[in-house]
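Reading the structure
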Amino acid sequence: MALSSVDDFLKLCEHSGDAAYAAIRSLLERLDDPKTRVDARIFLSHLQKRFPSKEQADLCFETYHFRIEDVFLDQYEGYQGRKKLTMMVIPSIFIPEDWSFTFYEGLNRHPDSIFRDRTVAELGCGNGWISIAIADKWLPSKVYGLDINPRAVKISWINLYLNALDEMGQPIYDGEKKTLLDRVEFHESDLLSYCRDHDIQLERIVGCIPQILNPNPDAMSKIITENASEEFLYSLSNYCALQGFVEDQFGLGLIARAVEEGIAVIKPMGIMIFNMGGRPGQGVCKRLFERRGFRVNKLWQTKILQASDTDISALVEIEKNSPHRFEFFMGLSGDQPICARTAWAYGKAGGRISHALSVYSCQLRQPTQVKRIFEFLKNGFQEIRSSLDLFFEDDAVADEKIPFLAYLATILNESSFRTYEPPAGSKYFRNLIAGFMKTYHRIPLNADNVVVFPSRNVAIESALRLFSPQLAIVDEHLTRHLPRSWLNSLALGHTENDNPAEDVLTVIEAPRQSELMIELIRKLKPQVVVSGIAQFEAVTSAAFVNLLDITREIGARLFLDISDHFELSSLPSSNGVLKYVAETPLPSHAAIVCGLVKNQVYSDLEVAFVISEDDAIFKALSKTVELLEGNTALISQSYYGCLFHELLSFQLSDRHPSARRDSEKVKSAEMIGFSSSALAVLDNAELSINETNNSLIHMDIDQSFLPLPSLVKAAIFESFARQNLIESETDVTPSIKQYIKDNYGFSVGSGTELIYADSSLALFNKLILCCIQEGGTLCFPAGSNGNYVSAAKFLKANIIHIPTNTADGFKLTEKTLSSALETVSKPWVYISGPTINPTGLIYNNKEIDDILRVCAKFGARVIIDTSFSGLEFEFEGWGGWSLAETLSKLNNSSNPSFCVSLLGGLSLKMLTRALKFGYLVLNQPALVDAFYSFPGLSKPHSTVKYAVKKLLGLREQKSGVLWDAVAEKIRNLESRSKRLKETLKSCGWEVLEPQGGISMVAKPSAYLNKTVKLKAGSSPENEVKLVDSNFREVIHKATGLCINSGSWTGIPGYCRFTIALEDSEFEGALDCLAKFKSIINY
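Cut-offs used in this document
- Here the residue numbering is sequential within each chain, running from 1 through the sequence in written order.
- Restriction of local features to residues with pLDDT of at least 70 applies here, the model being predicted, together with a cutoff of 80 or more for giving and counting side-chain atom pairs; totals for whole chains, interfaces and linings are based on all residues.
- Think of the side-chain values as coming from all heavy atoms in the structure, minus any hydrogens and water.
- Grouping buried Ala, Val, Leu, Ile, Met, Phe, Trp, Tyr and Cys residues that are joined through side-chain atoms within 4.5 Å yields what is termed a nonpolar core.
- Accessible area is worked out with a 1.4 Å probe on protein chains only. A residue is then buried under 20% of its type maximum, exposed over 50%, and partly exposed in between.
- The secondary structure listing takes helices from DSSP runs of H or I that are at least 4 residues long and strands from runs of E that are at least 2 residues long, numbered from the N terminus.
- In this analysis, two residues are considered to be in contact whenever any of their non-hydrogen atoms come within 4.5 Å of each other.
- In short, DSSP must find at least two bridges between two strands for them to pair.
- An axis is simply a line fitted to the C-alpha atoms; with a helix, the fit covers only the stretch in contact. Between two such axes, the angle follows the N-to-C directions and lies from 0 to 180 degrees.
- The way it works is a 1 Å grid over only the protein atoms, where trapped points that fit a 1.4 Å probe form a cavity and open points with protein on both sides within 12 Å along at least five of seven lines form a pocket, and then any residue with an atom within 4 Å of a point lines it.
- Grid points are joined across faces, edges and corners, and a volume is the space filled by probe spheres set on the points.
- Residue type decides the class: Asp, Glu, Lys and Arg count as charged, Ala, Val, Leu, Ile, Met, Phe, Trp, Tyr, Cys and Pro as nonpolar, and the leftover types, Gly among them, as polar.
- Residue-level confidence of the predictor, termed pLDDT, takes values from 0 up to 100.

Among the nonpolar cores identified, the biggest contains 220 residues, and Phe717, Trp989 and Phe1057 are the most heavily contacted of them. If one sorts the elements of this core by residue count, helix H17 (residues 395-413) sits on top with 10 residues. The contact partners of Trp989, leaving out residues within four places of it in the chain, are Leu984, Ala1002, Lys1003, Pro1004, Tyr1007, Phe1031, Ile1043, Cys1055, Phe1057 and Leu1073. Counting 70 residues, the second largest nonpolar core, distinct from the first, contains Cys771, Ala797, Ile799 and Phe931.

What follows is the structure, encoded as structure tokens:
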């Protein structure tokens, strides 16, 4: 359309604001076309000259619904000395005022290099004047002016042409021979959506956007189009809607969203600059940025009058419903703040109110890590975003916690907890420890020299139980968590004529000073020494060498604790022990113990490791930790692993790797070996198979490798993201009480003790010790968890096996139990239920009542282990347990020694290996006292308890996302059990179909007594006859599938399979079974 005269154009505009906008949009189309651009720009010059004065321009605005005016920049001259910008405004967009001028003043507080050659985005650009001014003065590479108001974007383009071309329509070039058209673009965008959608990475983000909630929330729900009403489009300049952020309560939700969107698109060294109204208070404004990981610099602060067309009643409403008070002032000269309600009343009465206005410049303190955190949180974790706090007074704390949160976000996103890790500790974590020792202390270790434990106390007690010395000398600082019976024993040794019982263990406390310790060792001649190093002796290796010499001389094992002197630092202090080991192999009779507790954030988050260069010690300790603890919590290993990774990440790899060295063998015929009972158990127990071959498929592990539900991920992340957790947030006791009442009908009274640990296995092992101390006999039904039975043997408990039979599904019955207990003194009966591990069958309410009645009759102590329950499939007759009434009757009428202890864990129920949490309910005072005489438990960290409490609260709702996720996983497990059953039956196995849980049993009837040819490496093929005792080994070597045999299940001939594998692993397991069938039939 050809340009009409100025008069014709004004006639079109005079009808209405919408008509004026339509005419201006037509003008923009001509500016966009290079063929008509010059004429269109000249027309704009004529149009501006028609209204040369401010008064005439204001009259034009009232009459024709637009205005062309100059914005003067005299004190902020650009590179060409431009003193003003020529700008058009219309009623439906933000009109430049004190709010934006103050913002520009703040931008000018930065040095000239701040924007030069940078990629910049302005949020809420309005008519574009600040974007154009930035481009004009600082010559950025590109400025993206963004606004949600489509009319604002069109007017911004008009203004870009007004300033990029002179009055004759000719380009205005800058010093780099570019025009503003080369440097500036305007786009319709909801905050940074345009940059996100077009994968534009920014170096600077500036914003001057609304910070007051619309008093009419419904108005903000309208669809934004350029045909919307002028009033609505203009309101976008003054008000914002609720954004779902905690800052909404201060009117800062839109800023909060802009900042989080900015984190995703800003480059690592990028800077954000925002105009912040001081109405919520300076502390609130600053914290918005700080809690998201920004360093904040206040560039500029002034006081401006509150815009008269902005309704602050929404702030009054916020004050009414919260303790927060906004900050206004009476006029520009007032210095005493008044609240929003007072300001509203004063304004209604004709007074002018003002508020502070600040310009904040913000830069991410750890950009890569913070970006990773928010990338994780954007996927539906709104609640965590509201509680996230990345502000730390101490930089050392920030430098530790922010990288860990980023690492945690990564492993939760990548489902890293779904891969098998050996009981000795995560291979990655052990490699990091070895790498740190090699890099910082020049000790040539590898992962197979390191065994990880939940704590130093657990490591020391495990080592003592492995060797079972008659006499041990232990540093007095390390005895607090050892069993009282060891510390109270007076059996100091024996002569040649003595024949003491093997399980008598006496611990003598010794002072830490090496001279005194050595004198005690020389006199008492212990078989094991556990010592620390005094602070004044730690710098040199002399004390350590003397301890090595005296223990070697008398044939004692030495475990040296260096926890107090081990520093996770890039500049660790001199350490005499590590200096010695760097130059000399660690003798085979010595090992180093180190508890990791020196982090900057959590004083009670511990992991320990033991270093030994003796392969036999490494393997024995690995098996010991598996029997007594299961494994060390992966979250704890991840935390310290992140610290080691950060310390190693900026180190160059050693170009001259140390030669492999062998442990120095101690020449002493008297050196104590592993306890014969411990050795027998470790050699015969079917513990997890650990090889360097990563292709093994583990169906022999009581863990879930299924995907983590999103709410579990959220709870884990939030537990670490939160700061200053209060006791009520980590007190899991009310939730646990409700949980066991709802699921098992087990009431918890005032005299009941609830005890928590990292795992239910660790709690069970303490109960075994109570049984031993009482002189009891532990009664396992045939068809119990083989690891539990092996642990009891390792701890030297007196054990009997109660027969079960096929017809009853290998469950305990009233008859078989009664028959077994008739000949047992002080029986302790172990029951896995409701879901039985390993069979996956279920004790219904009547069955457990019958069993408990028999136990009560004989005065048995009962351990009900619910650790493998909670994943029951739906089947007829199952309605849960209701033990309260039964136990109430039995406790009042039975043998007083009868009691029921409830053991449980939540890892399987929450379908996560990441959270390790076990609980034990004791309700007999004597048993409670006995339990606490064995204090060396590794307790759940506060973060674990926070996550568990949160998840239990969600489960109590019996609906919602978590409940649905668990239900879906149960359906998946049921489907897998059926598929595995079909595969096994087709391959010649007899299958006992499970009713719940993660495991099932089957008998390889078609294979027993057949021969199979096996080839190991380069060795020739070897024919092997298949029997129950070698079946596990043969199927493992033939296919790489790891299962448990009948010796583990306690049911002759029946193997155990776990099914909570990662999808591809489960499919691989089915293939292995088919492969094994083909091998046998070949």
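Let us look at the sheet that holds strand E23 (residues 861-865). Taking strand neighbours across the sheet as the criterion, the seven strands line up as E19-E25-E24-E23-E22-E20-E21 in an open arrangement whose pairing is mixed. Of all the strands in the sheet, just strand E19 (753-757) and strand E21 (798-802) have a single pairing partner and so form its edges. Ignoring strand direction, the axes of neighbouring strands in this sheet form an average angle of 20°. Sheet analysis places strand E24 (residues 899-905) next to strand E25 (residues 918-922), joined by four bridges and oriented antiparallel. By the bridge assignment, Gly904 is partnered in E25 with Tyr919.

Computed from the structure, the largest pocket encloses a volume of approximately 1300 Å³. The wall of the largest pocket is formed by 43 residues, among which Tyr420, Ser688, Ile689, Asn690 and Glu691 lie closest to the centre. Considered class by class, the residues forming the lining of the largest pocket number 12 nonpolar, 14 polar and 17 charged.

The subject of this paragraph is the confidence of the model for the chain. Keep in mind that low pLDDT regions are not for reading the predicted coordinates in detail. Summing up the model confidence of the chain, the mean pLDDT is 87 and the portion of residues at 70 or higher is 91%. For residues 494-502, every residue scores under 50 in pLDDT, and the model assigns this stretch nine contacts once sequence neighbours within four places are set aside.

The next thing to look at is empty space enclosed by the protein. On inspection of all chains with the given rule, the structure shows eight cavities of 30 Å³ or more. Taken as a whole, the largest cavity spans an internal volume of roughly 600 Å³. In this structure, the largest cavity is lined by 38 residues; those nearest its centre are Gly630, Asn631, Asp702, Gln703 and Lys916. The residue makeup of the lining of the largest cavity, split by class, is 14 nonpolar, 15 polar and nine charged. Taken as a whole, the second largest cavity encloses approximately 130 Å³ of empty space.

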